[in-house]
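Architecture and fold: a report
For reference, the chains in residue letters:
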Amino acid sequence: MTRWLIKCDRCGTETVFNAGYDLTNLGSKLYLYCERCKRNTEHTVLGYYDDDTNEFVPFEKALSFRYKSL
């Protein structure tokens, strides 16, 4: 599982989202349930936490070939 940092476009809450899929393939926007808004809202993918180094990789950098998962 990859830990992605996402941000609700409506209220601005940042959340760690665990996914077993590379979200860069979906683009920078997701439509998910927000706990604070209590409704489905659009979220922006900010980046992910590297499992090996625990370093945060911004979304723009994750789009580059170097950071693509195999």
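What counts, and where the lines are drawn
Residues numbered from 1 in each chain as written. Predicted model: local features only at pLDDT ≥ 70, side-chain atom pairs only at ≥ 80, totals over all residues. Heavy atoms only, no water. Helix = DSSP H or I, 4+ residues; strand = E, 2+ residues; numbered from the N terminus. Rg over C-alpha atoms; globule rule 2.2 N^0.38 Å. Buried < 20%, exposed > 50% of the residue type's maximum accessible area, 1.4 Å probe, protein only. Contact = heavy atoms within 4.5 Å. Pairing = 2+ DSSP bridges. Salt bridge = Lys/Arg side-chain N within 4 Å of Asp/Glu carboxyl O. pLDDT = per-residue confidence, 0-100. Core = buried A, V, L, I, M, F, W, Y, C linked by side-chain atoms within 4.5 Å.

Considerations on the overall build of the chain
Counting its secondary structure elements, the chain contains 1 helix and 5 strands. The order of helices and strands in the chain, counted from the N terminus, is β-β-β-β-β-α. Scaling as 2.2 N^0.38, a compact globule of 70 residues should have a C-alpha radius of gyration of about 11 Å, and the chain matches this with 12 Å. If one aligns the C-alpha atoms of the chain with their principal axes, the spans along those axes are about 35 × 20 × 20 Å. Relative to its 70 residues, the chain shows a buried fraction of 30%. Long-range contacts, defined here as pairs at least 24 residues apart, represent 40% of the contacts in the chain between residues at least 6 apart.

Let's talk about the side chain of T41
Note that T41 resides in strand β4 (residues 39-49). Leave out the neighbours within four places in its chain, and T41 touches C8, R10, L30, Y31, L32 and C34.

A short note on the pairing of β4
When strand β1 (residues 2-8) meets β4, the two strands line up antiparallel, connected through 6 bridges. Note on β4: the bridge partner recorded for W4 is Y48. Strand direction decides the pairing type here: strand β3 (residues 29-34) and β4, joined by 6 bridges, are antiparallel. If you follow C34 over to β4, its bridge partner there is R39. Pairing between β4 and strand β5 (residues 56-58): 3 bridges, direction antiparallel.

With respect to the pattern of salt bridges
Inspection of the entire model under this criterion finds 1 salt bridge. Residue K29 is joined to D9 by a salt bridge in which the shortest nitrogen-to-oxygen separation is 2.8 Å. One end of the pair, K29, is in strand β3; the other, D9, is in the loop between β1 and β2 (14-19), and 20 residues separate them in sequence. For K29, a relative accessible area of 38% corresponds to the partly exposed category.

Comments concerning the confidence of the model for the chain
Overall, the prediction assigns the chain a mean pLDDT of 88, with 91% of residues at 70 or greater. Within the chain, β4 carries the highest mean pLDDT (95), whereas helix α1 (residues 59-62) carries the lowest (86).

Let's talk about the nonpolar core
Grouped together as the largest cluster of nonpolar side chains are 10 residues: W4, I6, A19, L23, L30, V45, Y48, V57, F59 and A62. Sorting the residues of this core by element identifies β1, β4 and α1 as the ones contributing at least two each.

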